[in-house]
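Next come the chains, spelled out residue by residue.
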Amino acid sequence: MKELKVNAARIQARILELGEIGRNAGDGMDRTTFTPAELEAREWLKQQLRALDLDIKVDEAANIWAHRKGADCNLPVIAFGSHLDSVPNGGRYDGALGVILALEVMEVLKESGLDTRHPFELVSFSAEEPNPFGLSTFGSRTVAGKLGKANIEGVQDHNGTSLADALRLAGGNPERLEDARRKPEELAAFLEVHIEQGLRLLEREIPVGVVSAITGIYREDVTVIGEANHAGTTLMENRKDALMAASEMMLAFEAACREHPSAETVGTIGTIANEPNAANIIPGQVRFHMEIRSKTRAEIGEVLDKWAKNAEAIAARRGVRLERRLLLDQHPVAMDPLVMDITAAQTSKLGYKSYTLGSMAGHDAAHMAALTRSGMLFVPSIDGKSHCPEEESRIEDIEKAANVLLHSLLALDDQLHR
């Protein structure tokens, strides 16, 4: 198995070729879910898969699956892949790299004539990124049984296009969406390669990241209610300024995150709405969205509890009212220990260095973990940039991660007995 190696030149050529689909005038990537560019990328992928004589299926959620037979037809599938869609004005590596490397694995296996015990399946999931339909990780959530027909009824984008119609154009079937669900007994493992989207690997000069867990995401809608009044005639001691109170609460939130001992615990205030937002009126109400991400629920809870105590104290001292509404409480997802051990061992056997780290972004692997043992490999991101036109990873790092993917899949095929 060790003598098998990926073709770096072929990988690079595919990155550049696929990167032309959806490229805008500013060299960014506009390949959002079910747009003409994303549909073109899907056809590009299917053409590549047909050339490898793989059995192609587009399921009811418009996920693309490519099946390679195993020697034992009674064994479940080992699946691997990622997604083709991008954020608006994004980069050419996020998601797409994982699909391209999965494609490379299939090509190397075909060239070598190697038969695996388990069937292998490449998958390109639909709508992983946030999109105009408001349903991110749509394809993997549907496969995991977390989304069904009821979740898409009446869903439209800002142009009034229904998700059901968009799904049909991509080859899906909204009326039978539940049929896209895979059963746990159908799958032996899932492995995804992705760019890190951060600086941890790059700063340590390590080419391969072994992901230990995918972050939990907690979001709240916070409203601070004060009292609007004249900006000139209201003395400072008589003010119930919602904006000043909210600002203090936001800084207390940042402090709670910065002071937490885990470096992978982070917090963001993403949106702010100030009312009445006039130059000569003391703000009467402020709303903001508060997000915490971390690799364990305990760490999220520690930040939240500390902030809540401080926020209540600020509200009482400033004479304002605090209202909180939960928006999202997505649990962290641990990656499978066996998959982690195998990927780390294969990295070492190939003579590369690896580093174990948590993923600070959500990925399809988080939902596949509800079905089967799952793992992720990260590739360093230049300058830690992602979701922007400057997003890039070095081909020498990509080649190493691709070789680790190839040999990890073969090791899983050898070690898993179901």
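This text goes with the structure placed above it.
Only a predicted model underlies this, so the values are computations on that prediction, with no experimental measurement involved.

Student: Outline the environment of aspartate 94, supporting the account with residue identities and numerical values.
Tutor: Structurally, the position occupied by aspartate 94 is in the loop between β3 (77–83) and α3 (96–112). What makes aspartate 94 buried here is its relative accessible area of 5%. Along the backbone, aspartate 94 and histidine 289 are 195 residues apart, and their C-alpha atoms lie at a distance of 25 Å. When sequence neighbours within four positions are dropped, the list of residues in contact with aspartate 94 reads His83, Asp85, Glu129, His194, Ile195, Gln197, Ser386, His387 and Glu391. Looking at aspartate 94, its side chain comes within polar contact range of the side chain of histidine 194, at 2.7 Å. Here the side chain of aspartate 94 touches histidine 387 through a polar contact of 2.8 Å, side chain to side chain.

Student: Break down the pattern of salt bridges for me, citing the residues and quoting the values.
Tutor: Scanning the model with the defined rule gives 32 salt bridges in all. Taking the shortest distance from any N to any O, the salt bridge between arginine 297 and aspartate 329 comes out at 3.1 Å. With a gap of 32 residues between them, arginine 297 in helix α9 (residues 297–318) and aspartate 329 in strand β12 (residues 321–330) connect regions that are remote in the sequence. Look at the salt bridges and you will find they share partners, linking Arg10, Arg14, Glu104, Glu107 and Glu111 into a network.

Student: Go over the packing of aromatic side chains, please, and point to the residues and values.
Tutor: Aromatic ring pairs are described here by two measures, namely the spacing of the ring centres and the angle between the planes. By the definition in use, this model includes four aromatic pairs. Considering the side-chain rings of tryptophan 65 and phenylalanine 125, the 6.0 Å spacing of their centres and the 85 degrees angle between planes classify their relative orientation as edge-to-face. Placement of the pair is tryptophan 65 in strand β2 (residues 64–68) and phenylalanine 125 in strand β4 (residues 120–125), with a sequence separation of 60 residues. Each member of the pair, tryptophan 65 as well as phenylalanine 125, carries the same accessibility label: buried. Following the ring pairs from residue to residue traces out a cluster consisting of Trp65, Phe125 and Phe190. Its end group placed over the ring of tryptophan 65, arginine 182 keeps NZ or CZ at 4.7 Å from the ring centre.

Student: I'd like a rundown of the pairing of strand β1 (residues 55–58), residues and numbers included.
Tutor: Strand direction decides the pairing type here: β1 and β2, joined by four bridges, are antiparallel. Bridge assignment links lysine 57 to a residue of β2, and that residue is tryptophan 65. Where β1 hands over to β2, the hairpin turn is made up of five residues, of which alanine 62 adopts a positive phi near 70 degrees.

Conventions and cut-offs
Residues numbered from 1 in each chain as written. Predicted model: local features only at pLDDT ≥ 70, side-chain atom pairs only at ≥ 80, totals over all residues. Heavy atoms only, no water. Helix = DSSP H or I, 4+ residues; strand = E, 2+ residues; numbered from the N terminus. Buried < 20%, exposed > 50% of the residue type's maximum accessible area, 1.4 Å probe, protein only. Contact = heavy atoms within 4.5 Å. Polar contact = N/O pair within 3.5 Å; in protein donor to acceptor, adjacent residues only side chain to side chain. Salt bridge = Lys/Arg side-chain N within 4 Å of Asp/Glu carboxyl O. Phe/Tyr/Trp six-rings, centres within 6.5 Å; stacked < 30°, edge-to-face > 60°. Lys NZ or Arg CZ within 6 Å of the ring centre and 35° of its normal. Pairing = 2+ DSSP bridges.

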